[in-house]
Every structure is written in structure tokens, then in C-alpha cells.
Amino acid sequence: MAKIKKPTKEELKAKREELKKARRGMMDEFKAFVMRGNVLDMAIGVIVGGAFSKIVTSLVNDIIMPLIGSLVGTVNFTDLKAHIGNTEIPYGSFIQNVVDFLLVALVLFLALKIATSVGNKMRRKKAEAEEVPEVIKSDETKLLEEIRDLLKEKKSK
């Protein structure tokens, strides 16, 4: 039977330090991953999206659907049901969810369209403000520049 060598205190200490370094390295990698711009932007987007969805849902349920209901005559399709034999199929809730989805998608599309339009206008105004108009030189300035150039030529000869 082969004897198993018992590690020394120094070997155990070295192994522990090696494991600590590996853990620290993994934690550093994780921190770098989490702190990258993409991940933080995505996290902020999810949080803002969750808050914005409440606003859009309220807009659809409290403003748009009542307006549609006044035009169509009913706001809630969930009561619509079909009976096949002894089975009841509540297809109205499906229709209601589709209508809610379409309205939410429309509101988000319009909000994005407006935000993009405003952003484009602001970028155009900024670009126009940054454009430097061409300076029109007076006759005196042109004459002085010619004299300067002639004097430089004379000096260099």
C-alpha cells in the first residue's frame, strides 16, 4: 500500500493563497462585466420600461379604451363566450388582450416617433449652430494679405 504524503503547513498556506487569488480574479471579472456600459444601460432600461408600462397601460385603459367604447358601444370584450356542447370558450378575453396589445404598441410607436423627431430636430439645430459662416474679407484685408505675402517672398530671397 502506497503512503499518502501529508502536505506541509507551507504547502497548505500556498494552496489557500492560490484559491483566494482565483476567487478574487473571478470577482474582478464579474465586477468588470456588471460595470460595463451595456449591462448598466440594459438594467436601467428594464427599470424605466417597467415604470413606463404603467403609464402606457393607464393611458390605454383609462383614456383610449373609453373613447373607443363610446364609438363602438362596448369597452370590454371579456364577456364574449362561445358554447360548443358543454364547453365554454371565453374568446372575448383573447380579443381584449389583442386589442390591449395593439393599443399599447400603437402608443409606444407614437411616443418613440415623437421622441425621435424631437431628437432629430435638436441635432439639426445643434449642427446648424456649429456651422461657421464663411468670413467675407474686405478689399483692404485682401490688399494687406497680398502685401504681407510679397514681403515674405522678398525676405526669403
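Only a predicted model underlies this, so the values are computations on that prediction, with no experimental measurement involved. (Residues numbered from 1 in each chain as written. Predicted model: local features only at pLDDT ≥ 70, side-chain atom pairs only at ≥ 80, totals over all residues. Heavy atoms only, no water.)

1. What about the overall build of the chain?
Stage number 1. Looking only at helices and strands, the chain features four helices and two strands.
Stage number 2. Walking the chain from its N terminus toward its C terminus, one meets helices and strands in the order α-α-β-β-α-α.
Stage number 3. What you see for the chain is a C-alpha radius of gyration of 36 Å, clearly larger than the 15 Å of a compact globule of 157 residues, by over 25%.
Stage number 4. Along the longest, intermediate and shortest principal axes, the C-alpha atoms of the chain span 110 × 90 × 25 Å.
Stage number 5. Expressed as a percentage of the 157 residues in the chain, the buried residues total 8%.
Stage number 6. Within the chain, counting contacts between residues at least 6 apart in sequence, those at least 24 apart form 37% of the total.
Stage number 7. A total of about 14400 Å² of accessible surface is found on the chain, and carbon and sulfur atoms cover 65% of it.
Stage number 8. Charge centroids of the chain, computed over 28 positive and 21 negative side chains, lie 12 Å from each other. (Helix = DSSP H or I, 4+ residues; strand = E, 2+ residues; numbered from the N terminus. Rg over C-alpha atoms; globule rule 2.2 N^0.38 Å. Buried < 20%, exposed > 50% of the residue type's maximum accessible area, 1.4 Å probe, protein only. Contact = heavy atoms within 4.5 Å. Areas by Shrake-Rupley, 256 points an atom, 1.4 Å probe, with all protein chains shown as cover. Lys, Arg positive; Asp, Glu negative; His and termini not counted. Charge placed at Lys NZ, Arg CZ, Asp CG, Glu CD.)

2. Observations concerning the nonpolar core
Stage number 1. Counting residues in each nonpolar core, the largest one holds six residues, listed as Val 56, Val 60, Ile 64, Met 65, Leu 103 and Val 107.
Stage number 2. In this view, Val 107 contacts Val 56, Leu 59, Val 60 and Ile 64; residues no more than four positions away in its chain are not counted. (Core = buried A, V, L, I, M, F, W, Y, C linked by side-chain atoms within 4.5 Å.)

3. Observations regarding the pattern of salt bridges
Should their charged atoms come close, side chains of opposite charge can pair.
Stage number 1. Scanning the model with the defined rule gives four salt bridges in all.
Stage number 2. With its nearest N and O atoms 3.2 Å apart, the salt bridge here joins Glu 145 to Lys 137.
Stage number 3. Note on Glu 145: relative accessible area 25%, which makes it partly exposed.
Stage number 4. Judged by relative accessible area, which is 41%, Lys 137 ranks as partly exposed.
Stage number 5. For the salt bridge of Asp 149 with Arg 148, the shortest nitrogen-to-oxygen distance reads 3.3 Å. (Salt bridge = Lys/Arg side-chain N within 4 Å of Asp/Glu carboxyl O.)

4. Structural notes on helix H3 (residues 91-130)
Stage number 1. In this model H3 runs 58 Å from its N-terminal to its C-terminal C-alpha over 40 residues, within 8% of the 58 Å that 1.5 Å per residue would give.
Stage number 2. Turning to H3, its buried residues number three or more, namely Gly 92, Gln 96, Asp 100, Leu 103, Val 107 and Gly 119. (Expected span 1.5 Å × (residues − 1).)

5. Quick look at a positive patch on the surface
Stage number 1. Together, Lys 121, Arg 123, Arg 124 and Lys 125 make up a positively charged patch on the protein surface.
Stage number 2. When you line up the elements, Lys 121 lands in helix H3. (Patch = residues over 30% accessible without salt bridge, like charges linked within 9 Å, V, L, I, M, F, W, Y side chains within 5 Å.)

6. So, the confidence of the model for the chain
Stage number 1. When pLDDT is averaged across the chain, the result is 82; 95% of the residues are at 70 or more.
Stage number 2. For the chain, helix H1 (residues 9-35) is the element with the lowest average pLDDT, namely 79, and strand S2 (residues 87-89) is the one with the highest, namely 91. (pLDDT = per-residue confidence, 0-100.)

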